[in-house]
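Now for the letters of each chain:
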Amino acid sequence: MKDSLVIIPTYNEKENVAEIVRAVLSQPSGFELLIVDDNSPDGTADIVKSLMLEYPDRLHLEERAGKLGLGTAYIHGFRWALARHYEFIFEMDADFSHPPEDLNNLYHSCKTDGNDVAIGSRYVTGVNVVNWPMSRVMLSFFASYYVRMVTGMPFRDTTAGFKCYRRSVLETIDLDKVRFMGYAFQIEMKFLAWKFGFNITEVPIIFTDRTKGKSKMSGGIVKEAVLGVMQIKVGSLFRTYRRETEAGLEQSFNYAEKEA
């Protein structure tokens, strides 16, 4: 059993990727790192390949054919991690909006404190966001409030994309049935983990908007999230949630056989 893997999806992140790789791999918890790159035309994957010579056993790269969406990138990474038996699996952005040093806090929340999911939360101790315009802060804050009201989830930061999962969570969720691939993906994954009864906690972070590269946020992503929340809630009324770990294990074994 390997210990911990950080997954970072990338698309045109040449300004950030080398710095974020070194920042993650310098943390005292000894993380490994998987970059899932969607055929970035700016050469992001080539930068990662050169860095793999410095970190031959800790830095990994999966290249995909094109820009296929945030959710599919993470699911690709989850399957890769489960097939290689990592115990703790992280989601993180490449643009330093998620502080690399806070990976350690998420890790200890799961490994030491026994939580199944640790959310890097912008709102659990107030509003901890830097360099966003007030309109963006209000949109994000009230989006989380809207999600809480519709779904019943108790978390303050329901849209957060900085998380640590214990592998049992990802084994239990049927990754083939995750419906949303954009902004709503983060909401759906939390909702599924919550409905399956896993222990979920929020760890405070200070979120800082990117200073390099271009944001991937769009109106379509926001629309998917707004409509997706209602679909997630309605769909849950017709579903029984049980921890079907065997199904998740079968997914990871099938992925491992395919890789071999």
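Quantities reported herein were computed from a predicted structural model and do not represent experimental measurements.

(A) Expanded view of the overall build of the chain. Secondary structure summary: the chain contains nine helices and nine strands in total. Counting all 260 residues of the chain, 53% fall into the buried class. About 11500 Å² of surface is accessible on the chain, with carbon and sulfur atoms providing 54% of the total.

(B) Representation of the packing of helix 1 (residues 17-25) against helix 2 (residues 44-52) in the model. In the contact formed by helix 1 and helix 2, the axes pass within 9 Å of each other and the chain directions differ by 40°. By the angle class used here, helix 1 and helix 2 are oblique. Considering the relative orientation of helix 1 and helix 2, their crossing is right-handed. Two secondary-structure elements touch here, helix 1 through Val17, Ala18, Val21 and Arg22 and helix 2 through Thr44, Ile47, Val48 and Leu51. Its residues assigned to classes, the contact of helix 1 with helix 2 comprises six nonpolar, one polar and one charged.

(C) Spotlight on the sheet that holds strand 1 (residues 2-10). The sheet built from seven strands is open, its strands ordered 3-2-1-4-7-5-8 with mixed pairing. Two strands lie at the open edges of the sheet, namely strand 3 (59-63) and strand 8 (200-204), each paired on one side alone. Taking each pair of neighbouring strands and ignoring which way they run, the sheet shows an average axis angle of 20°. Pairing analysis gives four bridges linking strand 4 (residues 86-91) to strand 7 (residues 163-166), with the strands arranged antiparallel. Following the sheet pairing, Phe88 is matched in strand 7 by Arg166.

(D) Looking closely at the confidence of the model for the chain. Here the chain shows a mean pLDDT of 89. Residues at 70 or above account for 88%. The low-confidence segment residues 245-249, where pLDDT is below 50, has five contacts with residues more than four positions distant or belonging to other chains.

About the cut-offs
As a convention, each chain's residues are numbered from 1 in the sequence order in which they are written. Thresholds applied to this predicted model are a pLDDT of at least 70 for local features of residues and 80 or more for the giving and counting of side-chain atom pairs; totals over whole chains, interfaces and linings are not thresholded and use all residues. Hydrogens and water molecules were not included; the side-chain quantities draw on all heavy atoms of the structure. Working definition: helices are DSSP H or I runs of at least four residues, strands are E runs of at least two. Numbering for both runs from the N terminus. Each residue gets one of three labels from its accessible area relative to the maximum for its type: buried under 20%, exposed over 50%, partly exposed in between, using a 1.4 Å probe on protein chains only. Residue exposure ignores everything except the shown protein chains as possible cover, and the areas themselves are Shrake-Rupley values with a 1.4 Å probe. Axis definition: a line fitted to C-alpha atoms, over the contacting stretch in the case of helices. Angles run 0 to 180 degrees between N-to-C directions. Our angle categories are set so that under 35 degrees counts as roughly parallel, over 145 as roughly antiparallel, 65 to 115 as roughly perpendicular, and the remainder as oblique. For any pair of crossing helices, the crossing counts as left-handed if the nearer helix is rotated counterclockwise from the farther one by less than a right angle, and right-handed if it is rotated clockwise. Note on contacts: a residue pair is in contact if any heavy atoms of the two residues lie within 4.5 Å. Ten residue types, Ala, Val, Leu, Ile, Met, Phe, Trp, Tyr, Cys and Pro, are classed as nonpolar, four, Asp, Glu, Lys and Arg, as charged, and the remainder, Gly among them, as polar. Think of it this way: DSSP has to see at least two bridges between two strands before they count as a pair. The predictor attaches a confidence to each residue, called pLDDT, with possible values from 0 through 100.

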